[in-house]
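Structural overview
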Amino acid sequence: MSGGIDSTVTALMLHDQGYEVVGITMKTWDYASTGASKKETGCCNLDSFNDARMAAVQHGFPHFVLDIREEFGGFVIDNFVDEYLAGRTPNPCVLCNTHIKWRALLKRADALDCAYIATGHYASVRVAANGRYTIAKGIDGTKDQSYVLWGLQQDLLARTLLPLGPYRKTEIRQMAMDYGYPELAKKSESYEICFVPDNDYRGFLKRRVEGLEQRVDGGNFVDKDGKVLGKHRGYPFYTIGQRKGLEVTFGKPVYVTAIRPETNTVVLGDESELDRSEMRVAKVNWLKYEGVTPGMEAVTKVRYKDAGTLSNIYPEGDSSVGVRFNGMAKGIAPGQSAVFYEGDEVIGGGVIQRS
């Protein structure tokens, strides 16, 4: 229970259905040090902890705060920094779900003799005909969160409840009103990374890595042929597909098409230069099937808001695949997640290595 509308309604819904509910709020970061307050939209600040506890107390079920700052910081945040320094664009929410939150929840569930763990994600858990567990998209296409859950393994999915999958956000807001939480129903959405509450990841990197700004400032913007177009502030402060904030003008829209950390170079080009016909994906976790046959067809999403592109998947070892798009995919960023769908169900996913 983060204190936000989705996890709160999830808990109250299950409570009404007769489940014996125990509320858990995870403390992943020292929010006081970042000045987190009601003015921010973050779901996991100190006031949100109190909101979660109040909902639990009012409905008569226990609530605990689970401090996972050490595991979180040592894995998710270190990876976040390392990936940017390697010229990649990480997805810390996927990493946190996969390696930290679910495992920590399951460990606490076992200690409390709880059969299931439940979250407020807009997705559903299904059992395929072969007996394997998979994730299905939430019916609200604007809120579907199946993309960030591809890393959950079978033992985790077997004990996971995702009650919000069959509902639209408007319905959840109405439920919050019906439960007597009008302020919660109006609560703004949280989109930023929890440990970057001001949404300024560049500032976070500068504070986290001593001397980083001085070390990388003054690199070159170049075009695809290597022609120098200007100076930039350092390669870690740019992402593939970025158009705004380049602080140089070219008389036409230009985009970051590649990042080369070894030379502190950022490549710029037209929008068409973001198009890619194939990519390599590693650290693959299979959900619906134990694996795929060479050339299996799937719709592949390369970003959270990506509509997906029809593609063929080719296994390249135990946990890597090659992906060939039937056409072009735009803005493929190493470090981001690639998630493979069959209809509305997740076949599997992994981390993009290169296009």
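Presented here is a report on the structure given in the accompanying data block. (Residues numbered from 1 in each chain as written. Predicted model: local features only at pLDDT ≥ 70, side-chain atom pairs only at ≥ 80, totals over all residues. Heavy atoms only, no water.)

Let's talk about the overall build of the protein
Applied cut-off: Secondary structure elements follow DSSP: runs of H or I of four or more residues count as helices, runs of E of two or more count as strands, with numbering from the N terminus. Radius of gyration: C-alpha atoms only; globule rule: 2.2 Å multiplied by the number of residues to the exponent 0.38. Classification of residues uses two cut-offs on accessible area relative to the type maximum, computed with a 1.4 Å probe and protein chains only: under 20% is buried, over 50% is exposed, and between them is partly exposed. Contact between two residues is taken to exist if any of their heavy atoms lie within 4.5 Å; hydrogens are not considered. All accessible-area figures derive from a Shrake-Rupley calculation using a 1.4 Å probe, and residue coverage is judged against the displayed protein chains alone. Neither His nor the chain ends is counted toward charge; the positive residues are Lys and Arg and the negative residues Asp and Glu. The location of each charge is read from NZ of Lys, CZ of Arg, CG of Asp or CD of Glu.
The helix and strand inventory of the protein stands at nine helices and 16 strands. What you see for the protein is a C-alpha radius of gyration of 21 Å, in line with the 20 Å of a compact globule of 355 residues. Oriented by its inertia axes, the alpha-carbon framework of the protein measures out at about 65 × 50 × 35 Å. By the burial criterion, 51% of the 355 residues in the protein qualify as buried. Across the protein, the fraction of contacts at a sequence separation of at least 24, relative to all contacts at a separation of at least 6, is 64%. With the model as given, the accessible surface of the protein reaches about 16800 Å², and the carbon-plus-sulfur share is 49%. Between the averaged position of the 43 positive side-chain charges in the protein and that of its 45 negative side-chain charges there is a distance of 3 Å.

Concerning helix H3 (residues 69-85)
Formally: Given the number of residues in a helix, its expected span is that number minus one, multiplied by 1.5 Å.
In this model H3 runs 22 Å from its N-terminal to its C-terminal C-alpha over 17 residues, within 8% of the 24 Å that 1.5 Å per residue would give. Taken together, the buried residues of H3 touch helix H4 (92-111) and helix H8 (201-208). Immediately downstream of H3, the backbone of Gly87 shows phi near 80°, a positive value.

As for the packing of aromatic side chains
Using the following cut-off: Stacked, tilted and edge-to-face are the three classes applied to pairs of Phe, Tyr and Trp rings, where Trp contributes its six-membered ring and a pair requires centres within 6.5 Å; stacked means planes under 30 degrees apart, edge-to-face means over 60, and tilted covers the rest. A positively charged side chain is recorded as over a ring if its NZ (Lys) or CZ (Arg) lies within 6 Å of the ring centre. The angle to the ring normal must also be within 35 degrees.
Tallied over the entire structure, the rule returns nine aromatic pairs. A centroid spacing of 5.8 Å and a plane angle of 70° characterise the contact between Phe72 and Phe195, whose relative ring orientation is edge-to-face. Taken together, the residues Phe72 in helix H3 and Phe195 in the loop between helix H7 (182-185) and H8 connect sequence positions 123 residues apart. Residue Phe72 shares its accessibility class with Phe195, and that shared class is buried. Between Phe221 and Tyr238, the ring centres sit 5.5 Å apart and the planes meet at 80°, which makes this aromatic pair edge-to-face. You can see Phe221 sitting in strand S7 (residues 220-222) and its partner Tyr238 sitting in the loop between strand S8 (228-231) and strand S9 (255-260), a full 17 residues away along the chain. Classification of Tyr238 by relative accessible area gives buried; the value is 4%. Chaining the aromatic ring pairs together yields one cluster made of Phe72, Phe80, Tyr84, Phe195, Tyr201 and Phe204. Residue placement shows Lys137 over the ring face of Tyr341; its charged tip is 4.8 Å from the ring centre.

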